[in-house]
Amino acid sequence: MHPCTSDIREIHQLGHSTREWVVAGERLASTGATCARFTGYTEAGRGYRFGRIAPPFAQVLVTESGEGVVLVDRAWRSCPAGFAYLTAPRATCAYHIKPESGTWRLHWSIYGEECLLPSLPPGAAPRLVAVEATSFRHAVEGYCHEKGSRGDDGVLGLWAALVDRAVWRMLDAGQRDPRLDRLWLAVRQDFGGAWTLRRMASEAGLSEESLRRLCHKHLKRPPMAHVARLRMQAAADFLQHTGEKLETLAARFGYADAFSFSTAFRRVWGVPPSRYRERNALGKAARPAPLHA
């Protein structure tokens, strides 16, 4: 079946037997930040169907059990257990329960367009990827449980950081090579180190030219650019979930001073660190009431 865009319409249909747990991320009341994030999990029943023409948000939707059907490359494709449906802001997407599935259990997280998720720029086509989703499932359920029980801001921030990290892993799914995995693990364990091309090639067991070719094949960017991206992804975690000063973060991630750190951060995220923290920080405002379907 090959639908055209005109065949897809806005539809938000839960169905009578669907059960859903939804919680909202925090907004900064003092700044009016709009980067709200919704996270939850769903036991979808008969009639569960969503279609969105140009949503102002990105979504990561992962099947735990049962089976759904999702729109990818203008065709309907199965989304069974262990697969994630990744959709970007301003891109048409659609999904529904497979009629014979019974119950489709899924975990998901939604990010405002201004959150600037890596590899999901506005308008990018939806993707269906195989993932190891156990960490994401635990993080989502932990976040929802904490929100619905004690709601401790510090604990919520930790759970939210775990959700974000699991999401970033899934966004990199399908771009893996064991030699690169080994290299990026070493980088993460020493973000402040001097990562030259020679050192990276040695860590991966490759020549410098082979490392360049492998990075372009799997990541579409040079090795040094990916190191910068990994550093800035981790820096975004710290900005969102801690109050560390820019000078401290600069030293942590291998930059000489706050200015050079801020320049590198803006190159990846499009905004300076202070603005990113202002838009995305969690746990500093009164908590909104949990949403429900």
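Residues numbered from 1 in each chain as written. Predicted model: local features only at pLDDT ≥ 70, side-chain atom pairs only at ≥ 80, totals over all residues. Heavy atoms only, no water.

(A) Expanded view of the overall build of the protein chain. Secondary structure assignment for the protein chain yields nine helices and 11 strands. Per-residue burial for the protein chain yields a buried fraction of 50% across its 293 residues. Sequence separation of at least 24 residues holds for 74% of the intrachain contacts in the protein chain that already meet a minimum separation of 6. Approximately 14,000 Å² of the protein chain is accessible, and the part contributed by carbon and sulfur atoms is 53%. (Helix = DSSP H or I, 4+ residues; strand = E, 2+ residues; numbered from the N terminus. Buried < 20%, exposed > 50% of the residue type's maximum accessible area, 1.4 Å probe, protein only. Contact = heavy atoms within 4.5 Å. Areas by Shrake-Rupley, 256 points an atom, 1.4 Å probe, with all protein chains shown as cover.)

(B) Layout of the pairing of strand β3 (residues 37-44). Most of β3 is tucked away, with six of its eight residues classed as buried. Pairing of strand β2 (residues 19-24) with β3, which is carried by six bridges, proceeds in the antiparallel orientation. Bridge pairing links W21 to Y41 in β3. Sheet topology places β3 next to strand β10 (residues 104-112); eight bridges connect them, and they run antiparallel. The partner of Y41 across the bridge, within β10, is H107. (Pairing = 2+ DSSP bridges.)

(C) Molecular detail of the sheet that holds strand β8 (residues 83-87). Strand order in the open sheet formed by six strands is β2-β3-β10-β5-β8-β11, and the pairing between neighbours is antiparallel. Each edge of the sheet is formed by a strand with only one pairing partner; in this case those strands are β2 and β11 (127-130). Neighbour to neighbour, the strand axes of the sheet diverge by 15° on average, direction disregarded. Where strand β5 (residues 57-65) and β8 come together, four bridges link them in antiparallel fashion. Opposite V60, over in β8, you have L86 as the bridge partner. Sitting on the sheet, helix α2 (residues 153-171) is in contact with β3, β5, β8, β10 and β11, with an inclination near 100° to β10. (Axes fitted to C-alpha atoms, helices over the stretch in contact; angles between N-to-C directions.)

(D) Focus on the pattern of salt bridges. Inspection of every chain in the model, using the stated rule, returns 11 salt bridges. Linking R252 and E244 is a salt bridge whose minimum nitrogen-to-oxygen distance equals 2.6 Å. Note that R275 is salt-bridged to E278, the shortest N-O span being 3.8 Å. Taken together, the residues span about one helical turn, with R275 and E278 both in helix α9 (residues 273-280) at a distance of three residues. (Salt bridge = Lys/Arg side-chain N within 4 Å of Asp/Glu carboxyl O.)

(E) How the structure looks around helix α4 (residues 197-204). Turning to α4, its buried residues number three or more, namely L197, M200, A201 and A204. Relative to the axis of α4, the buried residues are bounded by an arc of 100° and lie together on one face. Within α4, the exposed residues directed more than 90 degrees away from the buried face are R198 and S202. Two residues or fewer after α4 comes G205, characterised by a positive phi angle close to 75°. (Arc of directions from axis to C-beta.)

(F) Summary view of the pairing of strand β6 (residues 67-72). Within β6, five of the six residues are buried, leaving the element largely enclosed by the surrounding structure. Direction of pairing for β6 relative to strand β7 (residues 75-80): antiparallel, over a ladder of six bridges. Paired with G68 across the two strands is C79, which belongs to β7. Taking the residues that link successive antiparallel strands as the turn, the β6-β7 hairpin has two residues, and the phi of D73 there is positive, at about 55°. Pairing analysis gives three bridges linking β6 to strand β9 (residues 93-97), with the strands arranged antiparallel. Within the sheet, the bridge partner assigned to V69 lies in β9 and is H96.

(G) Here's a closer look at the sheet that holds strand β4 (residues 49-52). Strand order in the open sheet formed by five strands is β1-β4-β9-β6-β7, with antiparallel pairing between adjacent strands. Each having just a single partner strand, β1 (11-13) and β7 make up the two edges of the open sheet. With direction set aside, neighbouring strand axes in the sheet form an average angle of 20°.

(H) Layout of the packing of aromatic side chains. Inspection of every chain in the model, using the stated rule, returns 15 aromatic pairs. Ring centres of F50 and Y95 lie 5.5 Å apart, and the angle between their planes is 10°; on these two criteria the pair is classed as stacked. Separated by 45 residues along the polypeptide, F50 in strand β4 and Y95 in strand β9 bring together distant segments of the chain. Cluster of aromatic residues (ring-pair linked, three or more members): W168, Y255, F261, F265, W269 and Y276. Sitting over the ring of Y255, R231 keeps its end group 5.8 Å from the ring centre. (Phe/Tyr/Trp six-rings, centres within 6.5 Å; stacked < 30°, edge-to-face > 60°. Lys NZ or Arg CZ within 6 Å of the ring centre and 35° of its normal.)

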